[in-house]
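# Descriptive structure summary
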Amino acid sequence: DIQNNQEGTAFLNYFLSRNFAKPIIISTPDQLMHFVFRYKGFEKYYATALYSRLVIDELQSYDPITLAFMVQGLEVLAQNGGKFLVMTATFPEFLRERFENIGVEFKTFNTQEKPYHHVQVIDDSIDNYVEKIIEISQKAKVLVVANTVRKAIELKKKFEEAGLQNVKLLHSRFILKDRKKKEREIIKFFNSQEKGLWITTQLAEVSLDLDADYLFTELSTADSLIQRMGRCNRKGQKPTDEPNVFVFTKDCSGVGPVYYKHLHESTLKNLKDGLWDWNFKWKLVKKVYSESALRGTKYWERFKKAESYIKNLWEGADSLIRSKSEAQDLFRDINAVQVIPEKFKEEVESIIQEWEKAKGDFVRRTKLLNNILEYSFSLPVWSIKELEKQKIHDRLGIYYIEGDYSEDIGFVLKPTVDTEQVENIL
């Protein structure tokens, strides 16, 4: 009875949250802000946003198209009495004037009395420092961050070839149940007295509370780099008389597919060795994301195009978007698909059979669907040239995908379909 009551309460909470009936709801922007597309039935979500108090975290982390949709949504809300708060470690400077025009008050909260990070910029590839990193990891906690999954896997192999055993790796291409296990392991390691190293990707920037002694990273863009640095000397209690952050600027992966090339180059131009306080970090992002630095770039072109489209909709143009689901698809940073490595096909098929038999039993079907999702991960469409779209079931938008998978390395796409191989595109 107790278990049934707990399940009943959980599902009641689920339905109330889905219908925005709970006092506090945590959601992704595409669950609510899609009202900007003015599709049939958008009013429910628009009205909810108007009488709510929206809190938006880490604005700079969105793709320029999604960012434009969000900013236009906030502008519409502000003009009609809506209230919102944006909390962000770094702010895209080109948005300042837009926000000031709709009455946003800017406040800076700097709790760091002294710099937490002593940076050394190294004009070389991280590959050439494997032995040095191993040496440091024998006496400290080290976090190594690569720009792409492929690069993270390559680095793991290089560390093992150099004699480091049992190199730990975490990225977004582990199935859900393995990823949860690894996330527990990495947090436990950085909270312990152990020495050693973990390799990860930009996954560490937003979703993990880690405190490394040293960070070794490929150069990414200013906002991303500062987020990574937040995973080193997180509480500011470690000495900074020697470098604790090492940024490698040569042969960086992901320039093009993951990071806009001009943002990467602009960040490189504005780097410096030495102590980075919050003022320097803020100025770095300001320079890279100023309107003058962005104008004429692909980033700017995409932002302006999306901004113009939404403005026209709210000034009387007809929306081409017919439904909420279409609007949500447009809203996502990168069109992604949920996939399951073919290795797990047999196990998943048996769960699907149980799921089909449970028609009418919503609670059981939801549990079984969650079991299926434990074998899946999200894969951005840009990362592959040709996806074998073999749906696991007509009614589920999940696909089997070919490639190698292991609990140790995660999922590796076949080389013939891996577009991460194509670097340095604009």
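Before going into details, it helps to say that this report is about the structure given with it. (Residues numbered from 1 in each chain as written. Predicted model: local features only at pLDDT ≥ 70, side-chain atom pairs only at ≥ 80, totals over all residues. Heavy atoms only, no water.)

A word on the overall build of the protein chain. For the protein chain, the count of helices and strands is 16 helices and 15 strands. At 23 Å, the protein chain has a C-alpha radius of gyration in line with the 22 Å of a compact globule built from 426 residues. Considered along the principal axes of its C-alpha atoms, the protein chain spans approximately 60 × 55 × 45 Å. Across the 426 residues that make up the protein chain, the buried fraction comes to 48%. Contacts spanning at least 24 positions in sequence make up 77% of the contacts within the protein chain whose residues lie at least 6 apart. By element, 48% of the accessible surface of the protein chain is carried by carbon and sulfur atoms, the whole surface being about 22100 Å². Of the charged side chains in the protein chain, 63 are positive and 63 negative, and the gap between their average positions amounts to 3 Å. (Helix = DSSP H or I, 4+ residues; strand = E, 2+ residues; numbered from the N terminus. Rg over C-alpha atoms; globule rule 2.2 N^0.38 Å. Buried < 20%, exposed > 50% of the residue type's maximum accessible area, 1.4 Å probe, protein only. Contact = heavy atoms within 4.5 Å. Areas by Shrake-Rupley, 256 points an atom, 1.4 Å probe, with all protein chains shown as cover. Lys, Arg positive; Asp, Glu negative; His and termini not counted. Charge placed at Lys NZ, Arg CZ, Asp CG, Glu CD.)

Glancing now at the packing of aromatic side chains. Per the counting criterion, the structure on display carries 24 aromatic pairs. Ring centres 6.5 Å apart and planes at 25° place the aromatic pair Phe216 and Phe248 in the stacked group. You can see Phe216 sitting in strand E7 (residues 214-218) and its partner Phe248 sitting in strand E8 (residues 245-248), a full 32 residues away along the chain. On the basis of relative accessible area, Phe216 is assigned to the buried category, the value being 2%. (Phe/Tyr/Trp six-rings, centres within 6.5 Å; stacked < 30°, edge-to-face > 60°.)

This part covers the sheet that holds strand E11 (residues 377-380). What links the strands of a sheet is backbone hydrogen bonding, and the strands pair in either a parallel or an antiparallel sense. Taken together, the four strands give an open sheet; going across it, the order is E11-E10-E13-E12, and neighbouring strands pair in mixed fashion. Since the sheet does not close on itself, it has two edges, and those belong to E11 and strand E12 (390-393), each with one partner. Geometrically, the sheet is characterised by an average inter-axis angle of 55° between neighbouring strands, direction not taken into account. Bridge count for E12 against strand E13 (residues 396-401) is three bridges, and the pairing is antiparallel. Of the residues in E13, the one forming a bridge with Lys391 is Tyr399. On top of the sheet, helix H15 (residues 345-357) reaches strand E10 (336-341), E12 and E13; it is set at about 45° to E12, its chief contact. Helix H16 (residues 362-373) contacts E10, E12 and E13 of the sheet and is inclined by roughly 30° relative to E13. (Pairing = 2+ DSSP bridges. Axes fitted to C-alpha atoms, helices over the stretch in contact; angles between N-to-C directions.)

Looking now at unusual backbone geometry. With a phi close to 50°, Arg38 is a non-glycine residue in the positive phi region. Tracing the chain through its elements places Arg38 in the loop between helix H1 (2-18) and helix H2 (43-51). Residue classification places Arg38 among the partly exposed positions, given a relative accessible area of 33%. With a phi close to 50°, Glu58 is a non-glycine residue in the positive phi region. Structurally, Glu58 is set in the loop between strand E1 (53-57) and helix H3 (64-79).

Our next topic: the sheet that holds E7. Across the sheet, which stays open at both edges, the seven strands sit in the order E5-E6-E4-E7-E8-E3-E9 with mixed pairing between neighbours. Lying at the two open borders of the sheet, with one neighbouring strand each, are strand E5 (168-170) and strand E9 (274-276). Neighbour-to-neighbour, the strand axes of the sheet open up by a mean angle of 25°, direction not taken into account. Looking at chain direction, strand E4 (residues 141-145) and strand E6 (residues 196-200) are connected through five bridges and run parallel. Bridging from a neighbouring strand, Val142 pairs with Leu197 of E6. Packed on one face of the sheet, helix H5 (residues 130-137) meets E4, E6 and E7 and runs near 150° to E4.

The subject of this paragraph is the pairing of strand E2 (residues 83-87). Sheet faces and side chains relate simply in a regular strand, where the side chains alternate between the two faces. Note: E1 against E2, five bridges, orientation parallel. Across the sheet, residue Val55 finds its bridge partner in E2, namely Leu85.

Glancing now at the pairing of E13. With five of six residues buried, E13 lies mostly within the body of the structure. Relative to E13, E10 runs parallel, the two being bridged by four bridges. Paired with Val339 across the two strands is Tyr399, which belongs to E13. In this structure, the hairpin formed by E12 and E13 is closed by a connection of two residues.

Let us now look at the pattern of salt bridges. Tallied over the full model, the rule gives 21 salt bridges. Glu307 is the partner of Arg98 in a salt bridge, and the nearest nitrogen-oxygen pair spans 2.8 Å. One end of the pair, Arg98, is in helix H4 (residues 96-101); the other, Glu307, is in helix H13 (residues 298-314), and 209 residues separate them in sequence. Asp123 is paired through a salt bridge with Lys250; the nearest N and O atoms lie 2.6 Å apart. (Salt bridge = Lys/Arg side-chain N within 4 Å of Asp/Glu carboxyl O.)

Taken as a whole, H2 has its buried residues at Tyr45, Tyr46, Thr48 and Ala49. Along the long axis of H2, the arc covered by the buried residues comes to 160°, so they all point the same way. (Arc of directions from axis to C-beta.)

Below, the discussion takes up the environment of Leu197. Residue placement: Leu197 occurs in strand E6. In this structure, the C-alpha to C-alpha distance between Leu197 and Pro23, residues 174 residues apart in sequence, is 42 Å. In this structure, Leu197 is in contact with Ile133, Ser137, Val142, Phe159, Leu164, Val167, Lys168 and Phe189, ignoring residues within four places of it in sequence.

What follows covers a positive patch on the surface. The grouping of Lys272, Lys283, Lys286 and Lys287 at the surface amounts to a positive patch. One can find Lys283 in helix H11 (residues 278-288). With a relative accessible area of 51%, Lys283 lands in the exposed category. (Patch = residues over 30% accessible without salt bridge, like charges linked within 9 Å, V, L, I, M, F, W, Y side chains within 5 Å.)

Scope: geometric values only; no functional claims are made or implied.
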